[in-house]
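Architecture and fold: a report
Take a look at the letters that make up each chain.
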Amino acid sequence: MNLFIVEDSLLIQNRLVRFIEELPDVSIVGITPDIGSAYNKILDSHADAMILDIQLSDGNGLVLLKKIKNTHPEIRVVVLTNHSNEANRMQALRAGADSFLDKSTDFEQIPDILHRWQATGPTH
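Residues numbered from 1 in each chain as written. Predicted model: local features only at pLDDT ≥ 70, side-chain atom pairs only at ≥ 80, totals over all residues. Heavy atoms only, no water.

Following the sequence through the fold, Asp102 ends up in strand β7 (residues 99-102). At a separation of 2.6 Å, a polar atom in the side chain of Asp102 contacts the side chain of Ser104. (Helix = DSSP H or I, 4+ residues; strand = E, 2+ residues; numbered from the N terminus. Polar contact = N/O pair within 3.5 Å; in protein donor to acceptor, adjacent residues only side chain to side chain.)

Below, the discussion takes up the nonpolar core. Counting residues in each nonpolar core, the largest one holds 22 residues, and the members touching the most others are Val6, Ile42, Met50, Leu52, Leu64, Leu65 and Val79. For this core, the elements supplying multiple residues, two or more each, are β1 (2-6), α2 (35-44), β3 (49-52), α3 (61-71), β6 (76-81) and α4 (86-95). If we skip the residues at most four places from it in the chain, Leu52 touches Val6, Gly61, Leu64, Leu65, Val77, Val78, Val79 and Leu80. Residues Leu23, Ala49, Ile110 and Trp117 belong to the second largest nonpolar core, which totals 17 residues. (Core = buried A, V, L, I, M, F, W, Y, C linked by side-chain atoms within 4.5 Å. Buried < 20%, exposed > 50% of the residue type's maximum accessible area, 1.4 Å probe, protein only. Contact = heavy atoms within 4.5 Å.)

Applying the stated rule across the entire model yields one aromatic pair. A ring pair is formed by Phe19 and Phe107, whose centres lie 5.4 Å apart and whose planes are at 55°; its orientation type is tilted. With Phe19 in helix α1 (residues 10-21) and Phe107 in the loop between β7 and α5 (110-120), this pair connects stretches of sequence that are 88 residues apart. Relative accessible area serves as the criterion here: at 28%, Phe19 is assigned to the partly exposed category. In this arrangement the basic side chain of Arg15 is found over the ring face of Phe107, its NZ or CZ atom lying 3.7 Å from the centre. Positioned over the ring face of Tyr39 is Lys67, at 4.2 Å from the centre of the ring. (Phe/Tyr/Trp six-rings, centres within 6.5 Å; stacked < 30°, edge-to-face > 60°. Lys NZ or Arg CZ within 6 Å of the ring centre and 35° of its normal.)

The five strands are arranged β2-β1-β3-β6-β7 in an open sheet whose pairing can be described as parallel. Of all strands in the sheet, those bounded by a partner on one side alone are β2 (27-32) and β7. The average angle at which neighbouring strand axes cross in this sheet is 20°, direction not considered. Here four bridges tie β6 to β7, and the two strands are oriented parallel to one another. For Val78, the partnering residue across the bridge sits in β7 and is Ser99. Packing against the sheet, α2 makes contact with β1, β2 and β3, and its axis sits at approximately 175° to β1. Lying on the sheet, α5 is in contact with β1, β3, β6 and β7; it crosses β6 at an angle near 175°. (Pairing = 2+ DSSP bridges. Axes fitted to C-alpha atoms, helices over the stretch in contact; angles between N-to-C directions.)

The next thing to look at is the pairing of β3. Residues of β3 alternate between two faces, with Ala49 and Ile51 on one and Met50 and Leu52 on the opposite face, all of them buried. Judged from the four bridges that link them, β1 and β3 form a sheet pairing that is parallel. Bridging from a neighbouring strand, Leu3 pairs with Ala49 of β3. Sheet analysis places β3 next to β6, joined by four bridges and oriented parallel. Bridge pairing links Ile51 to Val78 in β6.

A word on the environment of Lys67. In this fold, Lys67 is placed in helix α3. Judged by relative accessible area, Lys67 falls into the partly exposed class, the value being 44%. Measuring from C-alpha to C-alpha, the distance between Lys67 and Tyr39 comes to 8.1 Å, with 28 residues separating the pair along the chain.

Here it is, written out as structure tokens:
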């Protein structure tokens with residue numbers, strides 16, 4: 001599985017990389033801290049899945065989520081955020097998020113989600 005990370009916190013980026021490097025058959029194919037460059041990088045990297053923050057330095061990650069899901073619905077998306085209120089959760093799910101996690105309490109669920117996605121194969 002090719003995984004792309006859109007996260008502006010270097011601390012979280014590094015934590016995700018350390019976490020995901022341990023997973024068999026998951027390759028991080030790109031990391032970007034902003035929405036502006038993310039869309040083309042995601043497509044160029046042939047990502048199967050992505051981890052996306054909502055609050056990014058140049059805007060709301062849900063804008064990117066909608067764009068990705070409208071053009072490439074087969075790319076699975078975990079929204080990983082510190083802003084995990086119910087309104088954001090509903091917006092993310094309506095925009096096409098496959099999973100919605102709180103950075104402070106749900107981080108450990110990422111490997112299980114990625115393994116489940118690998119086991120079920122592509123969405124297209």
